[in-house]
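What follows is the residue order along each chain.
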Amino acid sequence: MYGKIKDFLAKELQDTREAGLYKEERIITSKQSAEITIKDGDRDKPVLNFCANNYLGLADHKELIQAAKEAMDRRGNGLASVRFICGTQDIHKELEAAISDYFKTDDTILYAACFDANGGLFGSLLGEEDAIISDSLNHASIIDGVRLCKAKRYRYANGDMEDLEVQLKAAQEQRFRIIVTDGVFSMDGNVAPMDKICDLADKYDALVMVDECHSAGVVGKTGHGVAELFDLYGRIDIFTGTLGKAFGGAVGGFTTGRKEIIDILRQRSRPYLFSNSLPPSVVGAGLKTFSLLKESDALHTKLMDNVRYFREKMQSLGFDIKPTQSAICAVMLYDAPLSQKFAARMQEEGIYVTGFCYPVVPKNEARIRVQLSAAHEHKHIDRCVAAFEKIGKELGVIK
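In short, a report on the structure. (Residues numbered from 1 in each chain as written. Predicted model: local features only at pLDDT ≥ 70, side-chain atom pairs only at ≥ 80, totals over all residues. Heavy atoms only, no water.)

**Some words on helix α2 (residues 62-75)**
For α2, built from 14 residues, the straight-helix expectation of 20 Å at 1.5 Å per residue is met to within 8% by its first-to-last C-alpha distance of 20 Å. For α2, the full list of buried residues reads Leu64, Ala67, Ala68 and Ala71. Each buried residue of α2 lies within a common arc of 100° when the element is viewed along its axis, so the set occupies one face. Turned more than 90 degrees off the buried face of α2, the exposed positions are Lys62 and Asp73. Of the surrounding secondary structure, the elements contacted by the buried residues of α2 are α13 (280-295). Just past α2, the residue Gly76 takes up positive phi, approximately 90°. (Helix = DSSP H or I, 4+ residues; strand = E, 2+ residues; numbered from the N terminus. Expected span 1.5 Å × (residues − 1). Buried < 20%, exposed > 50% of the residue type's maximum accessible area, 1.4 Å probe, protein only. Arc of directions from axis to C-beta. Contact = heavy atoms within 4.5 Å.)

Here is the structure:
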């Protein structure tokens, strides 16, 4: 049998390469930061990193690394078990409390990743007599989580409140309804209109769930996410998120929200019940993250200054950048081969970025996605913009 499937897979891979969609993994030989080194043949090449989700620059923060080491010294390398058997430590409960405090929610449950949090949410709460109304550009983990649930599925166009209202009206025949959206959509950097979503939820009697992976730590006056940005504390029922982006860049996810919802997830959520507990090192670093963010908003302030600085410089050169309230800046090129060539030339100039094209983004919507970080200094951004200008003129993107 393997001989047959081997030939099939080889052709699939070849077709992917010929379509320009084959994803090569570039090897980093340093810590994750604004300045990294990558494998370039037989040597390590220094580049500036503008395509990581390291929004607050915490991935190589000395205090987080020390906290992780100390947690390993105190609580070991891992629990070798799931939470409800013998895998819950005091620090797990402390981190759940810190996340609840950050989001101003009742309780929190930890997962190995936000993919697991989203995967274990819907089927634990809803059945075939219920309805899920999901934004068309939601993350793959939400899509997969919805697929694992027997509830009736409705989908509305990205951020389109008229379409959402149409779907909510259609879902009135179901018992319970939940509106599901990303807080920030990772390819465009746009923020979901959560105030309008909550108003429609009130009007049509629906729960609201938001994935904060790209918004927590970034949007809002002090970076506390969409509830802070739109002043919606108490109106959003469920948040999911990750420790792997703004909150330290490692692994680990969470669901935080209403007490009874979190309680039922502890009883029913399969990724929680059947996956090992988060290791002490990740938990210790997570606790330090929320301690630092409670003490100061300096990292968030620096991040948003960097976003403003980059956007202003790029727009003054004539680049087409989608509007954003987040740290994601989509530099639009529209042409798929051009996006790949542009990214490759940027790397030659010492700037590490990625070109995105179909099927990751819609056809004719190819772009370079630039992600700013509090780890960047203005000198880093100046070098990045200079490379964009040079290659943009070289490839005829700008004059």
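**Considering the sheet that holds strand β6 (residues 177-182)**
Spatially, β3-β9-β8-β7-β6-β4-β5 is the arrangement adopted by the 7 strands of the open sheet, whose pairing is mixed. A single partner strand is all that each edge strand has here, and the edge strands are β3 (107-111) and β5 (152-156). Shown here is a sheet whose adjacent strand axes are inclined to one another by a mean of 20°, direction ignored. In the packing of helix α8 (residues 161-170) onto the sheet, contacts are made with β4 (131-135), β5 and β6, and the angle to β5 comes to roughly 160°. Packed on one face of the sheet, helix α11 (residues 259-268) meets β3, β8 (238-242) and β9 (253-257) and runs near 30° to β3. (Pairing = 2+ DSSP bridges. Axes fitted to C-alpha atoms, helices over the stretch in contact; angles between N-to-C directions.)

Bear in mind that shape data such as this cannot, by itself, settle questions of function.
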